[in-house]
Amino acid sequence: MPDAIGYFLLSWIDPSLLALTALGTFAGIYIGAIPGLSVTMAVAILISFTFTWDVNPALALIAGVYTGGVYGGSRSAVLLNIPGAPAAIATALDGYPMAQRGEAGRAIGLATVMSVIGGFVGILALALAAPAISDIALAVAPRDYLVLALLGLLLVGSLSGESLAKGIFCGALGVVLGLVGLDQMTAEPRFTFGTTALLGGIPYVAAMIGFFGVSEALVQLRRPDLPPIRQKVDRIVPPWGALRRHLPLTLRSSAIGVVVGALPGTGGDIAALLAYDAARRSVKNPTHPFGQGAEEGVVAPESANNAAVGGAYIPMLTLGIPGDAVTAVIIGALFIHGLKPGPMLMIETPHLFWFTVGNLALANIFLLVFGLTGIRLFTRLAEAPRALLAPLILVLSVVGTYAIQNSATDVLWMLGFGIFGYFLKLYGFEVGPVVLGMILGPLMDASYRRAMISAADDPAEFLMGFGGSWISAGLAAVLVAALAQATWRAWRGRRAPVP
Amino acid sequence: MSDAPLARRPRPVAGSLQRTPEETVRPVLSRRALPALGLAAALPAPALAQWNPSRPVTIVVPFPPGGSTDVTARLMAEKMAPLLGQNVVIDNKPGAQTVIGAEAVARAAPDGHTMLMSSGTTLTINPLIGRNLPYRPADFAPVLHVATLPFCIAVRPGIPNTLEGFVAHVRANPGKVTWGHNGRGSFNHIAGALIAERLNLDWQDVGYRGDAHQMNDLLAGTLDSILVGGATGLQVARSGRAKIIGWTGESRLPNLPDQPVFHEIWPGLVAITWFGLLAPARTPPAAVARLNAAAAAAAADPTLRERLLDQGILAAGGTPADFQAFLAREAERWAPLLRRLDITL
């Protein structure tokens, strides 16, 4: 045990590791904040730089970038309505309306503190319950992924704005867009119209930037004369009362984040969406209605996506299975350094495990420091005149999209979706459900078909499967309850409209 | 051109963004290279044989970062950089069964500064099943056969864990035993189809995108077996919850002498994929020769060979002509089966 503490504190004591973690976290925040620059990409690039280094400094830098990057996406989501990364999509839903009310500083402050709390919950889970959580992650069957995707899709209900029908249309459109490209099971081209350009599918980060960023800029350009929104920056650090009020929600959302992060193939983006949906369902009296700047709408996804970081490390360190795209890259890095991820890693090289845990904790402390500084400067961005802000968003969107894979085609996609999104908004359709569909559609498709194969294509056996494990039964019960609750609310709403 | 750049120790490798800051913001590099090229043209023929890259060499990896192809490319790049006297940067261009990355290299300038880290999917399988493939094998000039990769079968607990036992089990339960692969038309799917055809097995295939979900389902027991590359197979085996029962290579791996190959029991049943470096066709022979020399030296490095072997990858080598011959043999090996399977991309 004393050894473990020593390894845990290694990066806190060693000045170069301390500096690398700080640098990584700082850089991560800004990489995450710029739409298109993704954490996965940043980590992939860093790995090549850290090639000749020892493994500890390399891991320190990567942990910092990962922690900072997952959080950084919230900045642009709140200030510009462009989620810096898919993990910040849910944050934009209420963060941006908060900024529109002049509360950008408060939104970012909350996002920072809750991200740090979520991050620590993830680390705690990694340190104390990694084997148990990886067992849970293993027990999640394809049919459970289907239920998770469906639960996520229920969010369409709250993202639809004025018309549920329009929201469902947009969600369905998103699912179809998400299915474009080679079918992953049969390699059959779907909706590609015989072109190779569509074989790889529609780049959904480009679509996300277009739908959120460009369409918003175009909407703002319709009224360039409106005065900019004055931002209140007197209280950046959230008051104690607000923290206490949101703490239960933070812990619940973090738990969702840890488990979803530990599932292979799902990361911070889906964790944040599910946590947002759970919050919308469970919080009785939000500070404002969800979608109109509820603090809970920022707290839930931000705690969940940072908790998912610790979650994603769990299957990587215990089983050698990547929990998300970033940990897949880290596994590659460990191989390059001659280490073999898997359960033996914890037995043969326990120092690496405790070093990682301690280092992630350190990165979260730096996140708190860097996250809470510079907010005043950032919020000035939201105070810029619309005639300046809209072109700025356009430029950022183009640069960010090009940076994804240096592809001018992606920029055209992004602009196309931006213009399409503008017209959708003009006619009262919301763009949120489209992006949601694009993310969850492929997950739903693959998990349903895998579940059917393991049920020998027998629908009865497929349904019986839900009685076979407590995870399946529990998730199915949550889905049914959510549907029942929504139906009940709709029915009650029709009888006596809630003001 | 001289070997002068060797004096400066190059930075090992940059990542997928390699084209952003340095090259686009500071085009000075390429402008500086122009007079150098003029100088090269003026030199007598023997000097031309000493071709050297004038700017960083890019290796396009048609897979996302982190996988075996990417790790191999990065290990190679690290060793090649000092030998070439230039940075060797990795550019990940994943997607569409490697078509996107391959097409980028097929269309790149044939000046010796761009190579593809191809796998069997790109140049053995795709040309045989692709109807509208935007590249042909003739668009590439082979540089080096980097490595050979046998597949392995790993099974969950509860499934017979010897090769013969497993095969008997599948035959006794037709259509019931599941095996995971990376999607129809992927190399491991086709390798599985070969095994099924040769051994007359009726097993249920399940397609996955990437390895993580497959590993998860195998370890969770919802999938009976996976036929995967060594890196993934060894990783699941290390978890202690699944076992590798056999490999599809020509002989046992030197580091795993107790794990059998199909070929021992069913002679001729071999299914391997490969990694190789290829330049765009019409790359000057002098450039190909220089790149081959550097890459072959890198692939012969003992640490690199050991790192690859840890992932079930056997480093290869040889001349561009050897690689060309290998590619022809592989295409011949798979063509009849793929015609029968009737998969089109």
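Report on the accompanying structure. In this text, all values refer to a predicted model and were calculated from it rather than measured experimentally.

**Overview of the overall build of chain A**
Turning to step 1, where the next piece is worked out: If you tally the helices and strands in chain A, you get 22 helices and 2 strands.
Turning to step 2, where the next piece is worked out: Relative to the globule expectation of 23 Å for 499 residues, the C-alpha radius of gyration of chain A, 22 Å, shows essentially globular dimensions.
Turning to step 3, where the next piece is worked out: The C-alpha extent of chain A, read off along each of the three principal axes, is 60 × 60 × 50 Å.
Turning to step 4, where the next piece is worked out: Taking all 499 residues of chain A together, 61% fall into the buried category.
Turning to step 5, where the next piece is worked out: By sequence separation, contacts in chain A at least 24 residues apart represent 80% of the contacts at least 6 residues apart.
Turning to step 6, where the next piece is worked out: Taken as a whole, chain A presents about 18400 Å² of accessible surface, with 70% of it coming from carbon and sulfur.
Turning to step 7, where the next piece is worked out: In chain A, 28 side chains carry a positive charge and 27 a negative one; their mean positions are 13 Å apart.

**Thoughts on helix α6 (residues 104-139) of chain A**
Turning to step 1, where the next piece is worked out: Over its 36 residues, α6 of chain A runs only 41 Å from end to end, short of the ideal 52 Å by more than 12%, given 1.5 Å per residue.
Turning to step 2, where the next piece is worked out: At A129 of chain A, α6 of chain A shows its largest bend, some 100°, and a proline, P131 of chain A, comes one to four positions later.

**A few points about empty space enclosed by the protein**
Turning to step 1, where the next piece is worked out: By the definition in use, this model includes 5 cavities of 30 Å³ or more.
Turning to step 2, where the next piece is worked out: There is about 100 Å³ of room inside the largest cavity.
Turning to step 3, where the next piece is worked out: Looking at the largest cavity, it is lined by 14 residues, and the ones nearest its centre are Q100, Q220, I229, A382 and L389 of chain A.
Turning to step 4, where the next piece is worked out: Listing elements by their share of the lining of the largest cavity, those giving two or more residues are α4 (55-80), α5 (89-100) and α18 (386-405) of chain A.
Turning to step 5, where the next piece is worked out: Looking at the lining of the largest cavity residue by residue, the classes come out as 10 nonpolar, 3 polar and 1 charged.
Turning to step 6, where the next piece is worked out: There is about 60 Å³ of room inside the second largest cavity.
Turning to step 7, where the next piece is worked out: Lining the second largest cavity are P142, R450 and S454 of chain A together with T178, V206, Y208, D217, T222 and L223 of chain B.

**Digging into the pairing of strand β7 (residues 225-229) of chain B**
Residues and elements named next belong to chain B.
Turning to step 1, where the next piece is worked out: Counted residue by residue, β7 has 4 buried out of 5 residues, so it is predominantly covered.
Turning to step 2, where the next piece is worked out: Inspection of the sheet shows strand β4 (residues 140-155) paired to β7 by 5 bridges, in the antiparallel sense. Each residue of the ladder has a partner; that of F151, found in β7, is G229.
Turning to step 3, where the next piece is worked out: As defined by bridge partners, strand β5 (residues 178-181) adjoins β7 across 2 bridges and the pair is classed as parallel. Following the sheet pairing, G180 is matched in β7 by I226.

**So, the nonpolar core**
Turning to step 1, where the next piece is worked out: Counting residues in hydrophobic clusters, the biggest one holds 186 residues, and the most contacted among them are Y313 of chain A together with M76 and L277 of chain B.
Turning to step 2, where the next piece is worked out: With residues up to four places along the chain from it excluded, the contact list for Y313 of chain A reads A63, Y66, L126, T327, I330, T356 and L360 of chain A.
Turning to step 3, where the next piece is worked out: Membership of the second largest hydrophobic core comes to 31 residues, among which are W203, I245, F262 and A271 of chain B.

**Considering the packing of helix α7 (residues 142-153) of chain A against helix α21 (residues 459-468) of chain A**
A pair of packed helices is captured by two measures, namely the crossing angle of their axes and the spacing between those axes.
Residue and element names in this part refer to chain A.
Turning to step 1, where the next piece is worked out: Put simply, α7 and α21 touch, their axes get as near as 10 Å, and they point 85° apart. For the element pair α7 / α21, the angle class is roughly perpendicular. Residues R143, L146 and V147 of α7 form the contact with α21, whose participating residues are F462, G465 and F466.
Turning to step 2, where the next piece is worked out: When the residues that make up the contact of α7 with α21 are grouped by side-chain class, the tally is 4 nonpolar, 1 polar and 1 charged.

Criteria and thresholds
Along each chain, the written sequence defines residue order, and numbers are assigned to residues from 1. The naming scheme follows written order: chains are lettered A onward, ligands numbered 1 onward. Where totals are concerned, whole chains, interfaces and linings use all residues; where local detail is concerned, this predicted model gives features only for residues with pLDDT of at least 70, and gives and counts side-chain atom pairs only at 80 or more. Hydrogens and waters are ignored; side-chain quantities use all the structure's heavy atoms. Where helices and strands are cited, they refer to DSSP runs of H or I of at least four residues and of E of at least two residues respectively, numbered from the N terminus. Put simply, the radius of gyration uses C-alpha atoms, and a globule should come to 2.2 Å times the residue count raised to 0.38. Burial classes follow relative accessibility: with a 1.4 Å probe on protein chains only, a residue under 20% of its type's maximum area counts as buried, one over 50% as exposed, and anything between as partly exposed. Note on contacts: a residue pair is in contact if any heavy atoms of the two residues lie within 4.5 Å. Only the protein chains shown count as covering a residue, and every accessible area follows the Shrake-Rupley method with a 1.4 Å probe. The charge count includes Lys and Arg as positive and Asp and Glu as negative, but it does not include His or the ends of the chains. Charge placement uses NZ in Lys and CZ in Arg. For Asp and Glu, CG and CD serve respectively. The span expected for a helix works out to 1.5 Å for each residue beyond the first. Two axes enter the definition of the bend at a residue: one is fitted to the seven residues ending there, the other to the seven starting there, and the bend is the angle between them. Put plainly, a pocket is an open set of points on a 1 Å grid over the protein atoms alone with protein on both sides within 12 Å along at least five of seven lines, a cavity is a set where a 1.4 Å probe fits but cannot get out, and a lining residue has an atom within 4 Å of a point. Grid points are joined across faces, edges and corners, and a volume is the space filled by probe spheres set on the points. Classification convention: Asp, Glu, Lys, Arg as charged; Ala, Val, Leu, Ile, Met, Phe, Trp, Tyr, Cys, Pro as nonpolar; all other residues, Gly among them, as polar. One bridge is not enough; two strands pair if DSSP finds at least two bridges between them. Here, nonpolar core means buried Ala, Val, Leu, Ile, Met, Phe, Trp, Tyr and Cys residues that are tied together by side-chain atoms lying within 4.5 Å of each other. Only the contacting stretch of a helix is used when fitting its axis, a line to C-alpha atoms as for every element, and angles between N-to-C directions run 0 to 180 degrees. Oblique is the label for any angle not covered by the other classes, which are roughly parallel (under 35 degrees), roughly antiparallel (over 145) and roughly perpendicular (65 to 115).

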